[in-house]
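# Working through the structure, step by step
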Amino acid sequence: PTIERIELHRLEVPLVRPFETSFGRETAREVLLVHVITDAGDGWGECVAGRDPFYSGEYVAGAASVIEHYLGPALLGAHGRHARPTRSHPAPDAAGQAAAEGPGSRGASVPLAASVAGTLAFVAGHRMAKGALEAAVLDAELRAQGRSMGELFGAEREWVDCGVSVGIAPTLEELLDEVAGYVEEGYQRIKLKIKPGWDLVPVGAVREELGPRGLLQVDANTAYTADDIPLLARLDAFDLLLIEQPFAEEDLATHVRLAQACTTPVCLDESILDASVAIDAIERGATSVVNIKPGRMGGYLEALRVHDACRALDVPVWCGGMLETGVGRAANVALAALPGFTLPGDTSASSRYFAEDVTEPFVLGDGEHRGQLRVPDAPGTGVTVREELVRQWAGA
Ligand code: OSB
Ligand code: MG
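Note that this is a predicted model, so its numbers are computed, not measured.

The helix and strand inventory of the protein chain stands at 14 helices and 12 strands. Over its C-alpha atoms the protein chain spans a radius of gyration of 20 Å, differing by no more than 12% from the 21 Å that the globule rule assigns to 396 residues. Considered along the principal axes of its C-alpha atoms, the protein chain spans approximately 60 × 40 × 35 Å. When the 396 residues of the protein chain are sorted by exposure, 51% land in the buried category. Contacts in the protein chain between residues far apart in sequence, at least 24 positions, make up 73% of those at least 6 positions apart.

Considering the arrangement of structural elements, one finds Thr-2 in the segment before strand E1 (3–21). C-beta crowding within 10 Å serves as the criterion here: with 13 such atoms nearby, Thr-2 is assigned to the partly exposed category. Each C-alpha atom of the pair Thr-2 and Ala-78 lies 9.3 Å from the other, and the pair is 76 residues apart in sequence. Setting aside its immediate chain neighbours within four residues, Thr-2 contacts Thr-38, Asp-39, His-79, Gly-80 and Arg-81.

Residues Ala-63, Leu-133, Val-290 and Ala-334 are the most contacted members of the largest nonpolar core, which totals 119 residues. Counting only domains with at least three residues in this core, you end up with domain 1 (3–146 + 387–393) and domain 2 (152–374).

Taken residue by residue, a regular strand's side chains alternate between the two faces of the sheet. Along strand E5 (residues 163–166), one buried face is formed by Gly-163 and Ser-165 and the opposite face, lined by Val-164 and Val-166, is buried too. You can see the chain leave E5, run along helix H7 (residues 172–185) and come back into strand E6 (residues 189–193), and the turn it takes is right-handed.

Sheet strands pair via backbone hydrogen bonds, and the direction of the pair is either parallel or antiparallel. Read across the open sheet, the 7 strands follow the order E5-E6-E7-E8-E9-E10-E11; overall the sheet is parallel. A single partner strand is all that each edge strand has here, and the edge strands are E5 and strand E11 (317–319). Here helix H8 (residues 200–210) sits on the sheet and contacts E6 and strand E7 (215–219); the angle it forms with E6, its principal contact strand, is near 165°.

Moving on to the environment of Val-166. Inspection of the secondary structure assignment puts Val-166 in strand E5. Separated by 24 residues in the primary sequence, Val-166 and Ile-190 have C-alpha atoms spaced 7.1 Å apart.

What follows covers the domain arrangement of the protein chain. Parsing the protein chain into structural domains produces domain 1 (3–146 + 387–393) and domain 2 (152–374). Taking only C-alpha atoms into account, the centre of domain 1 sits 24 Å from that of domain 2. Contacts between the two partners involve 36 residues from domain 1, matched on the other side by 35 residues from domain 2. Breaking the side of domain 1 that touches domain 2 down by element, the ones donating at least two residues are E1, strand E2 (24–38), strand E3 (41–47), helix H3 (104–108), helix H4 (111–120), helix H5 (127–145) and helix H14 (387–393).

Quick look at the environment of Val-137 now. Considering the arrangement of structural elements, one finds Val-137 in helix H5. Judged by C-beta crowding, with 28 C-beta atoms within 10 Å, Val-137 ranks as buried.

Before going further, it helps to spend a moment on the packing of H4 against H5. Look at H4 against H5: their axes get within 8 Å of each other, and the N-to-C directions meet at 160°. Classed by the angle they form, the pair H4 and H5 counts as roughly antiparallel. In the packing of H4 onto H5, the handedness of the crossing is right-handed. Here Leu-112, Ala-113, Val-116, Ala-117 and Leu-120 of H4 come into contact with H5, specifically with Lys-130, Leu-133, Glu-134, Val-137, Leu-138 and Glu-141. Counted by class, the contact of H4 with H5 contains 8 nonpolar, no polar and 3 charged residues.

In space, the 3 strands of this open sheet follow the order E1-E2-E3, with antiparallel pairing throughout. The open sheet is flanked by E1 and E3, the only strands paired with a single partner. Going from strand to strand, the sheet's axes swing by 20° on average, the running direction of each strand aside. Note: E2 against E3, 7 bridges, orientation antiparallel. Within E3, the residue paired with Val-34 across the bridge is Gly-45. On top of the sheet, H5 reaches E2 and E3; it is set at about 150° to E3, its chief contact.

Around ligand 1 lies a shell formed by Tyr-55, Ser-165, Asp-219, Asn-221, Asp-269, Gly-320, Gly-321, Met-322, Leu-323, Asp-346 and Ser-348. Looking at side-chain class alone, the shell around ligand 1 contains 3 nonpolar, 5 polar and 3 charged residues.

This next bit is on helix H11 (residues 275–284). Looking only at H11, the buried set comprises Ala-278, Ala-281 and Ile-282. One side of H11 carries all its buried residues, which in axial view fall inside an arc of 100°. For H11, the exposed residues lying more than 90 degrees away from the buried face are Ser-276 and Glu-283. At its buried positions, H11 is contacted by helix H10 (252–261), strand E9 (266–268), strand E10 (289–292) and helix H12 (300–312).

How each quantity is defined
Residues numbered from 1 in each chain as written. Chains lettered and ligands numbered in written order. Predicted model: local features only at pLDDT ≥ 70, side-chain atom pairs only at ≥ 80, totals over all residues. Helix = DSSP H or I, 4+ residues; strand = E, 2+ residues; numbered from the N terminus. Rg over C-alpha atoms; globule rule 2.2 N^0.38 Å. Buried ≥ 20, exposed ≤ 12 C-beta atoms within 10 Å, placed from the backbone. Contact = placed C-beta atoms within 7 Å. Core = buried A, V, L, I, M, F, W, Y, C linked by C-beta atoms within 7 Å. Domains from an automatic or database assignment. Right-handed = clockwise from strand over helix to strand, strands pointing away. Pairing = 2+ DSSP bridges. Axes fitted to C-alpha atoms, helices over the stretch in contact; angles between N-to-C directions. Parallel < 35°, antiparallel > 145°, perpendicular 65-115°, else oblique. Left-handed = near helix turned anticlockwise from the far one by under 90°. Nonpolar A, V, L, I, M, F, W, Y, C, P; charged D, E, K, R; others polar. Near = placed C-beta within 6 Å. Arc of directions from axis to C-beta.

And the structure:
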């Protein structure tokens, strides 16, 4: 297909309750959607960058800017109606070309999407912006082929197990109430956000509330330092599935030290920039479980490489989230249906985040599908963007 147009839509979608982490508090999700229009149909991708550069260096206004000024023109230059390499956007080098080759046989059937990473490799970083473009192109290409994301990825389940990420609460009582509500809704595991001063006590209280069999894990979003290793090792008492990203993104060494000092598995999120970093972190002993967030790794094709690499090394993975709307959630749920995803993901129902979603909402199943979301099987992401709502919420 030929790419005819790339449109960016920025909208602010209110959250049903504030979401507080060690890096900040959000009351609305600032969403950046990429709409790619080709001569064979269109596709949508969601950029997972936050409003502010706190979780990572990327943020919505920066992502929109780099797409407008660099990534968009390069894609149109390579795949637009008048495709030609331009001076300001040189052709990809050998490394870019290798990245363009998609993950094994999966990339071969989506040649346009598989070429995006290579075309955009001349820009350093900006993985979230690149990933949104690749996701939109992938959606358009699969829709044109009448194939779903799950089909391309190699999904092996029709339903995926869901957990929920619980923010830092104003009081212990409110935390316990919130957790009880999620358990009642059917969520299969609880992830608590922690930070210095909000760790052993809330984790102990929630463990007590869940009982010894409830699945529980924690996420520190880089809030601790090496001095905190003895404190973090005390979390072993609560029988957690894992502790996620206690130290800085670039600091694999301290994660190795913690892994040696505690029995709780250490899991990296922010640090996992791509498959080569994942393999390196695993080989060094910095992580024994991996949080796969496609939007943070530059797209679903790189996420498939991380999945495949972890599977080959026998390292369990789970699907993280970034408070996505239905656009990103649909693709995440398809990915989470791969065989290496052996732990419940942060793939919660739309209602956990928003009163109204920009696509049809994702709703938890019941009966034998309690605590699960169904993997979409219609072409592309399998969901439909309510364009009128997007325009309305963008104030356009
Ligand atoms: O660290 O996993 C994280 C949300 C925004 C940024 C970072 C993270 C999160 C979450 C929420 O934990 C996961 C979700 O429910 O989408
Ligand atoms: Mg995390």
